[in-house]
Amino acid sequence: MYNFINITLTYIIIIIKITTAQASADYTLSHADSVDRLMGFSKLYGALRYFYPGFQLSPAAWEKFIETGAAVSLSAENPEAFIQKLNHFCGSRHVFISRQEETFLDVKSRNGIYRYWLHRGYGVSTGKVDKGLLWFIYRQFGPYRSHIKVAKKKGTVVPDSLYQYVLTENIALQIRHALYIGDKTPRVYRSLIKTLYKNQPQEPNAQLVRVGTAIYTWNVLRHFYPYPEHMEADWDSMLSRILSRALSDTSHAQFYFAVREMISDLNDGHGGVRYAGLDVKHKPPVTLNWIENQVVIENCRSCDSLGIRKGDVLLAIDGVPVKEALARQLQLTSASTWQDKMVTAANFGLLNGKLNSSVTIKVNRSEEKDTIIELKRTVSSRDLYFNSPSELPVQTVLEGNVVYIDITRSDQKSVTKILSEIKEERGIVFDMRGYPNMGFPFLGFLSKEKILNSQQWLIPLVERPFQVDMHFDTSHWVIPRHPYTIPESCKVVFLTNEKAVSAAETLMSIVKYYRLGTIIGSATAGTNGNVITTDYRKLYTFFFTGMKVLWQDNAPFHGTGVFADIEVKPTVAGMREGRDEVLEYALEFIINHP
């Protein structure tokens, strides 16, 4: 039987070793064995942090826990030493590591009030807004909340049960997920907490910071990402790969690209990473598109002064062939659909760099010779991207008495006024080729239904590690029909494309499901739901979709998006002629279609 008394007796000796582990860890293990040890510790950390109610730390102390525990794991020369060292580090009667076939704790059944972790999505504090009124409001009313729940009736997790999870081959974690109110924090944890809160070196071991980033990021995703069925790789492969890079990469900047590659495997249009030490968030004032298997300049600000034209085909960037540069960006870009991945990689990667730095591009213009142009990066990556490519006024009346409304630039008040006055107009074109600048109550003007339901929002309810027994809290919201609905003689068209993501897809899904108008263009991005943002040591900040979104009838949405009723795509020739071919088709459809 495992000698739990031994944990307490030897802890004073072990804790001295722990406090110097970051500086003195002897990395004599092979690379493969080091990764294996860290994989085991990573899973232990995740289960302990998010699912053991008797041990809580601040975000900063958890960072020290990860890096210290990683150093302890790397100092274990064999599996037996690994078990022993981790048990000395954080073992107790409630949490310990053993061979899989061994169970050391007989839990006696008793009655009483108990407590356990209940996560409504990823609602854990990152240390940014973890105090005061803002944090209280977020904890009470935000979509994602984590708290220790108190219960009398035994439910998903049982206080009299010891749960087992495999850490590495033949090594398992034994852990209690629910504790009775009278159960005290074990002495070994009280000592560990004091140690972790003591002052640490101002400059932590750089390699352990990268290892900590890998462990932290993987655990947040492993326990709270709601779309594992859409991922490129399985969880263990992802963890092994990112830990391997954490050990082998020689700088934080180099490791940043490894984290981006990991996030790209999520196939999540909200997925992304920022590195505080690398400012590459600016570009020239242009937007790009993937048209006819080419990267094309779709829109630009002050084109003439820049020396570029719409429809210019991008051939090279700083001497690198554009397809070679794009292939690299695709490895670093997360998206749920192919077209969104291509366009996002082009716009948020190809021309990016530091503010006011220069980039040289080579473009092709019809029959002219290839042209080399030097551009300065003066705007943020997001600038222009989520705006419609149309050059029309925000709201205007077009030929044939057709009203045009650009949803990416309009406001709710003006749109409500326009729709309230629709009487003899032949049609309305709503331009949703980007991100909405307003809410969606205006859809009530188009509806014959009493209410319009949004898509289904599914918040993960997580009570056990590794998404075991994960279920969902489902909700939606409604839009009431407006007292005044536009005449049936007024045809309604919505323009959309792959730049319509998230909130834009909420709008377009309602239009599609209730047939509020004819959709012309191409499919939307296929990614919806609130975004979760978190960081490690404020060095790496990453994002991902925190909820699962389904159609109104519960059909899958992620990875498909809203398909156009009539697919119309721009062409290079049309762009060079200054035409908006999608809008042209919409006008022809309204005027000539029966």
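Refer to the preceding data block for the structure.
Quantities reported herein were computed from a predicted structural model and do not represent experimental measurements.

Asks: If you had to explain the overall build of the protein chain to someone new, which residues and values would you point to?
Replies: Helices and strands together make up the secondary structure of the protein chain, namely 17 helices and 28 strands. Scored against the burial criterion, the 594 residues of the protein chain give a buried share of 56%. Pairs at least 24 apart in sequence give 74% of the contacts found in the protein chain among residues at least 6 apart. Across the protein chain, the mean location of the 67 positive side-chain charges is 9 Å away from that of the 60 negative side-chain charges.

Asks: Describe unusual backbone geometry, naming the residues involved and giving the relevant values.
Replies: Despite not being glycine, Q467 has its phi angle at roughly 60°, a positive value. Note on placement: Q467 falls in the loop between β20 (456-462) and β21 (471-475). Assessed through its relative accessible area of 13%, Q467 is described here as buried. Look at S502: it is not a glycine, yet its phi comes out positive at around 60°. Tracing the chain through its elements places S502 in the loop between β23 (491-496) and α15 (503-514).

Asks: I'd like a rundown of the packing of aromatic side chains, residues and numbers included.
Replies: This structure, assessed with the given rule, holds 35 aromatic pairs. Ring plane angle 65° and centroid distance 5.7 Å describe the contact between Y165 and F466, whose orientation is recorded as edge-to-face. Within this pair, whereas Y165 is found in strand β4 (residues 163-168), its partner F466 is found in the loop between β20 and β21, the two being separated by 301 residues in sequence. Across this residue pair, the class does not change: Y165 and F466 are buried. Look at Y216 and F542: their rings are 6.3 Å apart centre to centre, the planes differ by 75°, and that puts the pair in the edge-to-face class. Here Y216, found in helix α8 (residues 206-224), pairs with F542, found in strand β26 (residues 540-545); they are 326 residues apart in sequence, far enough to count as distant. Overall, Y216 belongs to the buried group, its relative accessible area being 4%.

Asks: Now, about helix α7 (residues 187-197): what can you tell me, with residues and values included?
Replies: Residues of α7 that are buried: V188, Y189, L192, T195 and L196. Looking down the long axis of α7, one finds its buried residues gathered within 120° of arc, a one-sided arrangement. Along α7, the residues that are exposed and aim more than 90 degrees away from the buried face are R187 and K194.

Asks: Outline the environment of R210, supporting the account with residue identities and numerical values.
Replies: Within the secondary structure layout, R210 lies in helix α8. On the basis of relative accessible area, R210 is assigned to the buried category, the value being 6%. It is 59 Å that separates the C-alpha atoms of R210 and C490, two residues lying 280 residues apart in sequence. Only 3.2 Å separates the side chain of R210 from the side chain of H252, close enough to count as a polar contact.

Asks: Can you tell me about the pattern of salt bridges, naming the residues and giving the values?
Replies: Opposite charge on two side chains makes pairing possible when the charged atoms of those side chains draw close. Scanning the entire structure with this criterion turns up 24 salt bridges. Among the salt bridges present, the one from E421 reaches K417, with a minimum N-O distance of 3.0 Å. Judged by its relative accessible area of 46%, E421 falls in the partly exposed class. On the basis of relative accessibility, which here comes to 52%, the residue K417 falls in the exposed class. Among the ionic pairs, R579 bridges to E584, the shortest N-O distance being 2.9 Å. Take R579: its relative accessible area is 38%, and that puts it in the partly exposed class. A single salt-bridge network, built from bridges that share partners, covers R245, D249, E261 and R328.

Asks: Explain the packing of helix α4 (residues 59-74) against α8 to me, and be specific about the residues and the numbers.
Replies: Interhelical geometry of α4 versus α8 gives an angle of 110° and a closest axis separation of 9 Å. Considering their axes alone, α4 and α8 lie roughly perpendicular with respect to each other. Facing I66, E67, A70 and A71 of α4, the residues of α8 in contact are L208, V209, V211, G212, I215 and Y216. The residue makeup of the contact of α4 with α8, split by class, is eight nonpolar, one polar and one charged.

Asks: Give a description of helix α12 (residues 322-332) that names residues and reports values.
Replies: Of all the residues in α12, the buried ones are V322, A325, L326, Q329 and L332. Down the axis of α12, the buried set is contained in an arc of 110°. They therefore lie on one face. Set apart from the buried face of α12 by more than 90 degrees, the exposed residues are K323 and E324. Packing partners of the buried residues in α12 comprise α10 (252-264), β9 (286-291), β10 (294-300), β11 (313-317), β12 (320-321) and α13 (338-350).

Asks: Account for the sheet that holds strand β25 (residues 531-536), with residues named and values stated.
Replies: Taken in spatial order, the three strands line up as β7-β26-β25 in an open sheet, and their pairing is antiparallel. At either margin of the open sheet sits one strand with a lone partner, and together these are β7 (272-275) and β25. The average angle at which neighbouring strand axes cross in this sheet is 20°, direction not considered. The pairing of β25 with β26 spans six bridges and is antiparallel. What sits directly across from Y536, in β26, is Y540. Lying on the sheet, α10 is in contact with β7 and β26; it crosses β7 at an angle near 170°.

Rules and cut-offs
Residues numbered from 1 in each chain as written. Predicted model: local features only at pLDDT ≥ 70, side-chain atom pairs only at ≥ 80, totals over all residues. Heavy atoms only, no water. Helix = DSSP H or I, 4+ residues; strand = E, 2+ residues; numbered from the N terminus. Buried < 20%, exposed > 50% of the residue type's maximum accessible area, 1.4 Å probe, protein only. Contact = heavy atoms within 4.5 Å. Lys, Arg positive; Asp, Glu negative; His and termini not counted. Charge placed at Lys NZ, Arg CZ, Asp CG, Glu CD. Phe/Tyr/Trp six-rings, centres within 6.5 Å; stacked < 30°, edge-to-face > 60°. Arc of directions from axis to C-beta. Polar contact = N/O pair within 3.5 Å; in protein donor to acceptor, adjacent residues only side chain to side chain. Salt bridge = Lys/Arg side-chain N within 4 Å of Asp/Glu carboxyl O. Axes fitted to C-alpha atoms, helices over the stretch in contact; angles between N-to-C directions. Parallel < 35°, antiparallel > 145°, perpendicular 65-115°, else oblique. Nonpolar A, V, L, I, M, F, W, Y, C, P; charged D, E, K, R; others polar. Pairing = 2+ DSSP bridges.

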